[in-house]
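Residues per chain are reported as follows:
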Amino acid sequence: MTGSRIRRVAGGAIAAVVLGGCAFLIAKAPSYLAAARVDAARDLPSAGPRSPLSPSGVPPGPAVGGAPPSGPCALPRYPTPACTGVPQGTVLTTIKGDFTAATTGQVVNAKHITGNVFIRANNVVIQNSEIDGTIYNDQGSQRWSFTVTDTTIGPASGCIGQPAVNDSNYVAVRVRSRGHDDGFRFGPPGNVKIYDSYVENCYNPPSLAPPDGSHSDGVQAVCGGVPCVGLTVVHNTFDGRKVPTTNMLNLTDPALSDVTATDNLMGGGAYIVDAWWHSGPDWTIRNNRFVDNTWTYGAVSTEDTCAHQHWSGNTLVTIDEHYNVTSTVGPQPCIE
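Residues numbered from 1 in each chain as written. Predicted model: local features only at pLDDT ≥ 70, side-chain atom pairs only at ≥ 80, totals over all residues. Heavy atoms only, no water.

Asker: In this structure, what is going on with the pattern of salt bridges? I would like to understand it.
Answerer: It is possible for side chains of opposite charge to pair when their charged atoms get near one another. On inspection of all chains with the given rule, the structure shows five salt bridges. Aspartate 150 is the partner of arginine 174 in a salt bridge, and the nearest nitrogen-oxygen pair spans 2.7 Å. Taken together, the positions of arginine 174 in the loop between strand 16 (170-173) and strand 17 (176-177) and aspartate 150 in the loop between strand 13 (146-149) and strand 14 (152-153) put the pair 24 residues apart, joining distant regions of the chain. Classification of aspartate 150 by relative accessible area gives buried; the value is 0%. A salt bridge links glutamate 200 to lysine 242; its shortest N-O distance comes to 2.9 Å. Of the two residues, glutamate 200 sits in strand 20 (residues 198-200) while lysine 242 sits in the loop between strand 23 (237-239) and strand 24 (247-251), which places them 42 residues apart along the sequence. (Salt bridge = Lys/Arg side-chain N within 4 Å of Asp/Glu carboxyl O. Helix = DSSP H or I, 4+ residues; strand = E, 2+ residues; numbered from the N terminus. Buried < 20%, exposed > 50% of the residue type's maximum accessible area, 1.4 Å probe, protein only.)

Written as structure tokens, this is what we have:
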């Protein structure tokens, strides 16, 4: 995120939001959404084949009984631009400018939207599409629910000083984030699941993002003193190696709780993962791959909270240009 923030709001107006380098919003959870802790081993969605969703707009469900996902990027491989985002060959209908989804259950399929997308109803589905701007689901204290699947978010060139996907109450599957300094925002009330997606961070210099340039993250929790509960991040690739980045998982907010992060491939950042447990259930962080020597200070920081993290199977690795793991350097322990 940048030190100062300019963002679009509904109706095309421009508003400046500045507070410690991040936008803080108060949220109220829709009543039908309850925070639920997820055992990631039993909640893996299908990674392929890459076909459109059903006519009802229901995304592929979790694998049954912990069966591994299939497809070209299934474990032991990790998501790449080739197996995330809008599927190759999809014929898109262009919508110029911003687009608002204001009907409950609305399905947005095979669209190229040249502006931002504003979610203004619950259970919206975005699939097989390309969005040049940002997805926002916040207005005042409201956060509408949505699912985004097989969609590319962000411009082909340039860098937007906003997360690709905001803010809470959403599921993202096989999303490709490009041209955004942040990939995914996690705000109050929470309830976010991110699967099989790919984030490559960009960076705006201080001249465009004063005072010190973009603070780029793969996933950032920004709770603003309001509880953010229920973050699941499973089998994604977060690549911040090419630009100055803060973290691939920036999980330091004191109001954040109930976190599961498994089977992710991550590289880049001051610390690749900042995971500071503060309250609630112990976190689960396991079987993640940290790309060796791609950090400024270290692979991990937990601020003395390892006792509250189920930390296992995490390793340091090397990778090739296609995100294939080429070697295991050794275990990556929890670091206080």
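Asker: Could you clarify how one ought to interpret the sheet that holds strand 28 (residues 283-286) in this entry?
Answerer: In any sheet, the strands associate via hydrogen bonds between backbone groups, in a parallel or an antiparallel arrangement. One open sheet holds the nine strands; their spatial order is 5-8-13-16-19-22-25-28-31, and the pairing between them is parallel. Edge positions in the sheet fall to strand 5 (107-109) and strand 31 (309-312), since each has one partner strand and no second. Mean inter-strand twist for the sheet, computed between neighbouring axes without regard to direction, equals 10°. Where strand 13 meets strand 16, four bridges bridge the pair, whose relative direction is parallel. The residue of strand 16 that forms the bridge with phenylalanine 146 is tyrosine 170. (Pairing = 2+ DSSP bridges. Axes fitted to C-alpha atoms, helices over the stretch in contact; angles between N-to-C directions.)

Asker: How should the state of the cysteines be read in this particular structure?
Answerer: Where two cysteines share a covalent bond between their sulfur atoms, that bond is called a disulfide. If you walk through the whole model with that rule in mind, you get four disulfides. Residue cysteine 159 pairs covalently with cysteine 202 via a disulfide, S to S 2.0 Å. Negative torsions about the S-S bond denote left-handed disulfides, and the value of about 80° found for cysteine 159 with cysteine 202 makes this one right-handed. On the criterion of sequence distance, the pair formed by cysteine 159 in the loop between strand 14 and strand 15 (160-165) and cysteine 202 in the loop between strand 20 and strand 21 (217-221) is long-range, its members being 43 residues apart. The disulfide partner of cysteine 306 is cysteine 334, and the gap between their sulfur atoms is 2.1 Å. Judged by the torsion about the S-S bond (-95°), the cysteine 306/cysteine 334 disulfide is left-handed. With cysteine 306 in the loop between strand 30 (298-301) and strand 31 and cysteine 334 in the segment after strand 33 (325-331), this pair connects stretches of sequence that are 28 residues apart. For the pair cysteine 306 and cysteine 334, a shared accessibility class is recorded, and that class is buried. (Disulfide = S-S within 2.5 Å.)

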